[in-house]
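# Breakdown of the fold
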Amino acid sequence: MNRAGIATVLGMLAAFTAYAPAAQAAPPAPPATSTPSAECADQPAEARVRAGAHITERNQPGTAQVAAMERDFQNRLGKLKTTRAAAAITVRVHFHVVYGSAGNVSDATLNSQLDVLNDAYSGSGISFTLSEIKRTNNASWFSNPQGYEREMKGALHTGNAQDLNFYTADLGSSLLGWATFPSSYRSQPSMDGVVVHYQSLPGGSIGNYNEGDTGTHEVGHWMGLYHTFQGGCRGQGDRVSDTPAEQSPASGCPTGRDTCSSTGADPIHNFMDYSYDACMYEFTPGQAERMQAQWSAYRA
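Our subject in this report is the structure included herewith. (Residues numbered from 1 in each chain as written. Predicted model: local features only at pLDDT ≥ 70, side-chain atom pairs only at ≥ 80, totals over all residues. Heavy atoms only, no water.)

## Here's the deal with the packing of aromatic side chains
Convention followed: Only rings of Phe, Tyr and Trp enter the pairing, Trp through its six-membered ring, and a pair is recorded when the two centres are within 6.5 Å. The plane angle decides the type: under 30 degrees is stacked, over 60 is edge-to-face, the rest tilted. Put simply, DSSP marks the helices as runs of H or I at least four residues long and the strands as runs of E at least two long, and each gets a number from the N terminus on. To sort residues, take the accessible area from a 1.4 Å probe on protein chains only and compare it with the maximum for the residue type: under 20% means buried, over 50% means exposed, and anything in between is partly exposed. Counted as over-ring charges are cases with an Arg CZ or a Lys NZ within 6 Å of the ring centre that also lie within 35 degrees of the ring normal.
For the structure on display, the rule yields nine aromatic pairs. Judged by centre distance (5.4 Å) and plane angle (50 degrees), the rings of Phe 142 and Tyr 198 are tilted. Of the two residues, Phe 142 sits in helix 3 (residues 139-143) while Tyr 198 sits in the loop between strand 6 (194-197) and helix 5 (213-222), which places them 56 residues apart along the sequence. Like Tyr 198, Phe 142 is buried. Ring centres of Trp 222 and Trp 295 lie 6.2 Å apart, and the angle between their planes is 65 degrees; on these two criteria the pair is classed as edge-to-face. Here Trp 295 lies in helix 6 (residues 285-299) and Trp 222 lies in helix 5, a separation of 73 residues in the sequence. Its relative accessible area of 0% is what places Trp 222 among the buried residues. Of the residues examined, Trp 295 reaches a relative accessible area of 7% and is grouped as buried. One aromatic cluster in this structure is built from Tyr 121, Phe 128, Phe 271 and Phe 283. The lysine or arginine in question, Arg 299, covers the ring of Trp 222, its NZ or CZ lying 3.8 Å from the ring centre.

## Description of the state of the cysteines
So the rule is basically this: For this text, the term disulfide refers to a pair of cysteine sulfurs within 2.5 Å.
For the structure shown, the criterion picks out two disulfides. Here Cys 233 connects covalently by a disulfide to Cys 260, the sulfurs 1.9 Å from one another. In this structure, the disulfide formed by Cys 233 and Cys 260 twists by about -85 degrees around the S-S bond and is classed as left-handed. Highlighted residues: Cys 233 in the loop between helix 5 and helix 6 and Cys 260 in the loop between helix 5 and helix 6, separated in sequence by 27 residues. Judged by its relative accessible area of 33%, Cys 233 is partly exposed.

## Comments concerning the packing of helix 1 (residues 63-79) against helix 6
When two helices pack together, their arrangement is given by the angle between the helix axes and by the axis-to-axis distance. Rules: Orientation is described by lines fitted to C-alpha atoms, with helices fitted over the stretch in contact, and by angles between N-to-C directions that extend from 0 to 180 degrees. Throughout this description, any angle smaller than 35 degrees is read as roughly parallel, any larger than 145 degrees as roughly antiparallel, any in the 65 to 115 degree range as roughly perpendicular, and the remainder as oblique. Only heavy atoms matter for contacts: two residues are in contact if any of them lie within 4.5 Å across the pair. Residues are grouped as follows: Ala, Val, Leu, Ile, Met, Phe, Trp, Tyr, Cys and Pro are nonpolar; Asp, Glu, Lys and Arg are charged; every other residue, Gly included, is polar.
The N-to-C vectors of helix 1 and helix 6 enclose an angle of 75 degrees; their axes lie 9 Å apart at closest approach. Taken together, the axis directions place helix 1 and helix 6 in an arrangement best described as roughly perpendicular. Along its contact with helix 1, which presents Met 69, Glu 70, Asp 72, Phe 73, Arg 76 and Leu 77, the element helix 6 presents Arg 290, Ala 293, Gln 294, Ala 297 and Tyr 298. The residue makeup of the contact of helix 1 with helix 6, split by class, is six nonpolar, one polar and four charged.

## Focus on the pairing of strand 6
Regular strands place side chains that alternate from one sheet face to the opposite one. To be explicit about the condition: Note on pairing: two strands pair once DSSP finds at least 2 bridges between them.
Because side chains alternate across strand 6, one face comprises the buried residues Val 194 and Val 196, and the other comprises Val 195 and His 197, equally buried. Looking at chain direction, strand 5 (residues 175-180) and strand 6 are connected through three bridges and run antiparallel. Its bridge partner lying in strand 6, Trp 178 is registered against Val 195.

## Considering helix 4 (residues 149-156)
Filter applied, for reference: Arc definition: directions from the helix axis to the C-beta atoms.
Taken residue by residue, helix 4 has Glu 149, Met 152, Lys 153 and Leu 156 as its buried positions. Buried residues of helix 4, viewed axially, fall in a sector of 90 degrees; they line one side. Where helix 4 is buried, its residues touch strand 2 (89-99), strand 3 (126-137), helix 3, strand 4 (163-169), strand 5 and strand 6.

Function-wise, these values are silent; they only describe arrangement.
Quick look at the structure:
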């Protein structure tokens, strides 16, 4: 996929967004001792599902929760001692390959995923460097990462707020990935990170979602972005001024789609929509500013 670089970000502004495209059968019930983070009120998560799915996103924050998150974000920005030009951010990536009878993806595939991230975020002041690749053979975690999320992450999570814990597993027939927000790190640091379907990695078997941009999308949430269609056509949407309002997720690559009366066609090429991987190639300067500000507020 061709990627469009975005202008170098000067200044640190407050803007904020998140991503999801498919439908799956409910995962098997986890044991009573396992509590998925999606059930925790203070641990919002965003998910990506395949186009045409009817699955409800994992704990997508509603209007009231977004408002609370934004108040906290603005409060934290206000407490920063200085406002400075955006600085380069280097994210240390810890790949956790969780596998069973399948799913033990190669180092080459993971390095390709890292290349996809660096290509997608080029120009934003954000880059990614490999810290480690850790492999865990656990059939239960692999086949039901939602149900065993707390147990899995509790055992595998490493590093601090500046470390990206990137888990791969089998998320089922439709769910492609999910992520936590920066604002959740302080209350539940071990739950921080992104989880993606191992077949969504570059060269995977999931048609239209196998170029690695599920990772790009989920890392966008981890960096503090909402979906481009957050809030639909009303209100403040994704809290980024240069992403046109969008009523609902895009499916496929519907060029020229325009679902809101406000200026601008739907941002179907944005990594934070639900378009096919091949259709997405950009973050906006406003999104880059948002990620820089979220990093300063919660991860620096």
